[in-house]
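Residue-level listing of the chains:
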Amino acid sequence: MSTRRLPLDGVVVVDFTQVYAGPSCTQMLGDFGADVIKIERPGTGDLSRTSFPDEAGLDNPVFWSINRNKRSVSIDTRTEEGKRAVLDLVARADVVTSNFRAGVMDRIGFGYEALRAVNPRVIWASATGFGEKGPYAHKGGQDILTQAYTGVMWRRASDDTPVSIYPTSLCDYTTGMHMVQGILLALLHREHTGEGQKVEIAMYDSILHMQMQEAATRMNRDAEINWAAMPLTGAYQTTDGAVVMVGAFKQNPLRDICAALEIGEDLSLRPEYATAEGQQQHRPELRRLFAERFATGSTAHWMKRLEAQDLLCAPVRTMEEALRDEQTIVNGMIVEMEHPTEGSVRVLGNPVHLSATPAEVRRVPPGLGVHGDEVLGEAGYDATRLRALREAGVLR
């Protein structure tokens with residue numbers, strides 16, 4: 001373990017989050033030095049331990065991916081002793097995080113006002129699905145639901161493309177990163193003033209905000225921006241895969257596309273294709289022509305020709321191919337951890353690269369409750385008190 005001081009060294013986070021949005025936030029904090037104390041329910045723990053069945057049970061790749069650099073305490077917060085123990089941890093914490101439905105933290109006794117009474121400097125950060133108020137506040141936050149509610153799912157390359165679910169949890173991840181930003185801003189404010197505060201992130205807001213260009217254009221011009229529907233942009237099948245081409249950010253991209261695809265003439269000289277409006281109007285026939293040309297050659301062949309014209313392009317990769325890519329390795333995006341039962345396991349590294357204080361893997365993802373005695377011992381609990389909690393089933 002490195003002895004380098006990291007930016008968040010000394011920051012203590014009491015973490016109630018689970019599944020993805022919240023844990024992705026607290027892992028980011030942990031990667032840069034925060035002491036993240038993960039509060040888990042006895043027996044099953046974080047829902048990400050059981051999201052997908054795995055031969056290893058509760059300690060599996062889904063959990064590993066978002067829970068390194070944390071310590072796990074498995075405690076029954078339904079009991080008075082359990083609540084008291086959590087409040088003792090909060091008393092020495094800098095940040096408390098959760099991503100339950102609106103109102104849940106208040107109902108279980110850990111709302112902002114309750115914790116502020118214990119620790120006035122605490123930063124209480126909550127990620128919900130839709131916010132603390134409003135017609136959807138009662139609903140649980142979930143990635144696919146957010147895609148549907150915010151227009152992301154409806155917006156697609158063309159009207160004849162079926163409405164579908166985006167398979168990667170972009171809403172969870174975006175919300176988690178906004179939560180990181182809110183916590184860091186609150187820590188900076190507290191550094192200046194000594195004041196803690198409440199940080200609230202709604203998944204709904206995060207994904208609306210991700211569409212800021214599209215939303216501003218719709219509200220002010222009643223028009224649509226759709227990067228996937230640009231007339232000279234698309235994904236095309238080749239003889240051995242697929243290529244995506246972006247015909248933009250050049251003076252005359254259609255001319256260069258015609259040269260790259262060996263179409264035989266510069267279509268931009270035709271009146272019907274001479275303007276962006278004309279190209280959009282005739283998008284179906286342009287796409288058919290491009291598709292016919294791409295289908296005659298390999299991915300490597302077309303990549304070489306497109307790049308020779310300085311056109312934006314990329315091969316359409318599988319996840320396996322992306323993970324094997326030299327760029328992935330060069331960027332340090334795969335890290336190995338020595339797991340106590342699995343041996344060496346690999347997960348994605350941190351995408352934020354700091355020259356002086358880079359992210360570190362200091363702790364492997366924890367087994368359920370393995371740090372209970374250690375964490376509570378630091379809060380002043382002696383061996384007799386810890387044993388009593390375990391015998392009572394409060395600490396597991």
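To be clear, the structure that these remarks concern was listed above.
Anyway, here's the lowdown on the structure attached to this text. Remember, predicted model here, so these are calculated numbers, not experimental data.

The helix and strand tally for the chain stands at 17 helices and eleven strands. Along the first, second and third principal axes, the C-alpha atoms of the chain reach 85 × 50 × 40 Å. Of all 396 residues assigned to the chain, the portion counted as buried reaches 45%. Across the chain, contacts joining residues at least 24 apart in sequence account for 68% of those joining residues at least 6 apart. Approximately 20,700 Å² of the chain is accessible, and the part contributed by carbon and sulfur atoms is 54%.

On to the packing of aromatic side chains. Summed over all chains, the structure comprises nine aromatic pairs. Look at Tyr112 and Trp124: their rings are 6.3 Å apart centre to centre, the planes differ by 55 degrees, and that puts the pair in the tilted class. Here Tyr112 is found in helix H5 (residues 112–118), whereas its partner Trp124 is found in strand S5 (residues 123–128), with twelve residues between them in sequence. Here Tyr112 matches Trp124 in class, with each residue buried. With a centroid separation of 5.7 Å and 45 degrees between ring planes, the pair formed by Phe130 and Tyr204 is classed as tilted. One end of the pair, Phe130, is in the loop between S5 and helix H6 (143–149); the other, Tyr204, is in helix H8 (residues 203–210), with 74 residues separating them in the sequence. Take Tyr204: its relative accessible area is 23%, and that puts it in the partly exposed class. The positively charged end of Arg385 is found above the aromatic ring belonging to Tyr381, 3.8 Å away from the centroid.

Bringing the pattern of salt bridges into the picture now. Counted by the stated rule, this structure contains 23 salt bridges. In this structure, Asp46 engages Lys38 in a salt bridge whose closest nitrogen and oxygen atoms are separated by 2.8 Å. Here Asp46 and Lys38 have matching classes, each one buried. Across the salt bridge formed by Asp76 and Arg78, the nearest N and O atoms sit 3.0 Å from each other. Assessed through its relative accessible area of 9%, Asp76 is described here as buried. On the basis of relative accessibility, which here comes to 70%, the residue Arg78 falls in the exposed class. When salt bridges with common partners are traced through the structure, they connect Asp35, Arg71, Glu374 and Glu378 into a single cluster.

A few words on the side chain of Thr217. Mapped onto the secondary structure, Thr217 falls in helix H9 (residues 212–221). Residue classification places Thr217 among the buried positions, given a relative accessible area of 19%. Within the structure, the side chain of Thr217 is placed 2.9 Å from the backbone oxygen of Gln213, a separation counted as a polar contact. Those residues in contact with Thr217 that lie beyond four places of it in its chain are Asp222, Ala223, Glu224 and Ile225.

On the surface, Tyr136, Leu145 and Tyr149 cluster together into a nonpolar patch covering about 250 Å² of accessible area. Relative to the elements of secondary structure, Tyr136 occurs in the loop between S5 and H6. A relative accessible area of 33% places Tyr136 in the partly exposed class.

Positive phi values are uncommon outside glycine, yet Asn69 reaches one of about 55 degrees. Using a relative accessible area of 2% as the deciding quantity, one classes Asn69 as buried. A positive phi angle, near 55 degrees, is found at Glu262, a position not held by glycine. With respect to the helices and strands, Glu262 occurs in the loop between helix H10 (253–260) and helix H11 (276–281).

Our focus in this paragraph is the nonpolar core. Within soluble globular proteins, side chains that are nonpolar tend to cluster in buried spots. Phe16, Ile39, Val96 and Leu376 are the most contacted members of the largest nonpolar core, which has 27 residues in total. Elements with a minimum of two residues in this core: strand S1 (12–15), strand S2 (35–40), helix H3 (80–91), H5, helix H16 (372–378) and helix H17 (383–391). The biggest single contributor to this core is H3, with five residues. For Ile39, the contacting residues outside a window of four places in its chain are Val14, Asp15, Phe16, Val73, Ile75, Thr77 and Leu89.

Moving on, we come to the sheet that holds strand S6 (residues 198–202). Taken in spatial order, the six strands of this open sheet run S3-S2-S1-S4-S5-S6, and their pairing is parallel. Each edge of the sheet is formed by a strand with only one pairing partner; in this case those strands are strand S3 (70–74) and S6. Between one strand axis and the next, the sheet turns through 20 degrees on average, direction left out of account. Here five bridges tie S5 to S6, and the two strands are oriented parallel to one another. If you follow Thr128 over to S6, its bridge partner there is Ala202. Set on the sheet, H8 makes contact with S5 and S6; between it and S6 the angle comes to about 65 degrees.

Cut-offs and rules
Residues numbered from 1 in each chain as written. Predicted model: local features only at pLDDT ≥ 70, side-chain atom pairs only at ≥ 80, totals over all residues. Heavy atoms only, no water. Helix = DSSP H or I, 4+ residues; strand = E, 2+ residues; numbered from the N terminus. Buried < 20%, exposed > 50% of the residue type's maximum accessible area, 1.4 Å probe, protein only. Contact = heavy atoms within 4.5 Å. Areas by Shrake-Rupley, 256 points an atom, 1.4 Å probe, with all protein chains shown as cover. Phe/Tyr/Trp six-rings, centres within 6.5 Å; stacked < 30°, edge-to-face > 60°. Lys NZ or Arg CZ within 6 Å of the ring centre and 35° of its normal. Salt bridge = Lys/Arg side-chain N within 4 Å of Asp/Glu carboxyl O. Polar contact = N/O pair within 3.5 Å; in protein donor to acceptor, adjacent residues only side chain to side chain. Patch = residues over 30% accessible without salt bridge, like charges linked within 9 Å, V, L, I, M, F, W, Y side chains within 5 Å. Core = buried A, V, L, I, M, F, W, Y, C linked by side-chain atoms within 4.5 Å. Pairing = 2+ DSSP bridges. Axes fitted to C-alpha atoms, helices over the stretch in contact; angles between N-to-C directions.

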